[in-house]
Number of protein chains: 2
Amino acid sequence: TIRPPAFERLVDALSRFPSIGPKTAARIALWLLNQPPEASERIARAITEARQTIRRCRICFQYAEDELCPVCADPARDKSILCVVEEAVDVWSFERTGRYRGTYHVLGGAISPLDGIGPDELTVQALLERVADPAQGIAEVILATDPDTEGNATALFIADHLPRSRVKVSRLAHGLPVGGELAYSDDATLAEALAGRRIL
Amino acid sequence: TIRPPAFERLVDALSRFPSIGPKTAARIALWLLNQPPEASERIARAITEARQTIRRCRICFQYAEDELCPVCADPARDKSILCVVEEAVDVWSFERTGRYRGTYHVLGGAISPLDGIGPDELTVQALLERVADPAQGIAEVILATDPDTEGNATALFIADHLPRSRVKVSRLAHGLPVGGELAYSDDATLAEALAGRRIL
């Protein structure tokens, strides 16, 4: 082939990105070659740096640059109410509403037997231990998994394993589009769903 | 904001890619965080490596990893016929047809006064010197700039400055979609256009 091997390797690497096909990857690769070296270096460094500095919060498993995320590290947050979500992006959606003052727990996905994902592939055990520990003072758990099949199944599984005599367990109110993904709902809808959450 | 600063910097860097909006950039950034460190490191390295190893061929200005590109370095290529294109991707399109055995010259774009691009911003002078040098033995120049306004103007400008008593000057046959971009034409159409090129 006439294309330089380093170019082919770059297109190949960029083609792995989600929602990027080979044509877009080639367009991005050509664009990168036409950038000043500092600009392409800055992008390469941003990838390396993000991968090296971003880790999971020791308590809630959302993305953090320190041992604790900003929410868990904030003494002003209400530790008695815990919002359980599938992914860190869902935390960001709640934070954008500005209507939630409790803490979070990020599961890392939803239970999906077809994909080989059971409770052990998620942070379910850590969640159950966190809620079971009286020192944490958790009085309510909001199961804010996605309103789709896997998310509903995950919420039911967790609800079944929580000490429901001691903690209130709720699910977000409908208002979320059924079958949709929480991260893509608009802020007003999400705030409504939060306010209208119902006790399970 | 709740998002880690390193994450914001990564999304910001990825948003600069052509045809990538902020939402796609965030999706790619999250995907990168969920890759094993080797995988994201491989992508960062591919960017750095491509930028460092790929340069312009000393003779024809297409992308190369050595001083000469594979075409200019190949003694079997017909040095008497020269195909002038706007971009390196256009060379790749011709090579894919398998129907061209001559050499190339990459202009680096087209003359476009509105964008402040004149002959001096392109490799026009190097092209004229290359054709004027009798030692190069160039007998025909195919002006294969894009069949749009800038490409046509560029072809006419170059044709006016070539020693036409000594070299044949041709333009690709119509068959290329008017107003389109050469790099996106299919191989059969391009091969037809090459075969039917007309003398200017």
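Relevant structure appears above.
Fair warning: this is a prediction, and the values are worked out from it, not measured in the lab.

Novice: Could you give me a rundown of the pattern of salt bridges, with the residues and numbers involved?
Specialist: Per the stated rule, a full pass over the model turns up 14 salt bridges over all chains. Put simply, arginine 77 of chain A and glutamate 95 of chain A hold a salt bridge, and the shortest N to O gap is 2.8 Å. Separated by 18 residues along the polypeptide, arginine 77 of chain A in the loop between strand E2 (63-64) and strand E3 (81-85) and glutamate 95 of chain A in helix H4 (residues 88-97) bring together distant segments of the chain. A relative accessible area of 22% means that glutamate 95 of chain A is categorised as partly exposed. Its salt-bridge partner being lysine 168 of chain B, residue glutamate 140 of chain B comes within 3.9 Å of it at the nearest N-O pair. Note that glutamate 140 of chain B is positioned in strand E5 (residues 140-143) and lysine 168 of chain B in strand E6 (residues 168-171), a separation of 28 residues in sequence. On the accessibility criterion, glutamate 140 of chain B (8% relative accessible area) is buried.

Novice: Describe the interface of chain A and chain B, listing the residues and the values that go with them.
Specialist: Listed as interface residues are 50 residues of chain A and, on the opposing side, 50 residues of chain B. Between chain A and chain B, roughly 4700 Å² of surface is buried when both sides are summed, and carbon and sulfur atoms account for 71% of that area. Looking only at chain A, the three residues that lose the most surface to chain B are Ile2, Arg51 and Trp92 of chain A, adding up to 16% of its buried area. Remark: the boundary between chain A and chain B carries two salt bridges. Among the salt bridges present, the one from glutamate 49 of chain B reaches arginine 9 of chain A, with a minimum N-O distance of 3.1 Å.

Reading guide: rules and limits
- Residues numbered from 1 in each chain as written.
- Chains lettered and ligands numbered in written order.
- Predicted model: local features only at pLDDT ≥ 70, side-chain atom pairs only at ≥ 80, totals over all residues.
- Heavy atoms only, no water.
- Salt bridge = Lys/Arg side-chain N within 4 Å of Asp/Glu carboxyl O.
- Helix = DSSP H or I, 4+ residues; strand = E, 2+ residues; numbered from the N terminus.
- Buried < 20%, exposed > 50% of the residue type's maximum accessible area, 1.4 Å probe, protein only.
- Contact = heavy atoms within 4.5 Å.
- Buried area = accessible area lost by both parts, 1.4 Å probe.

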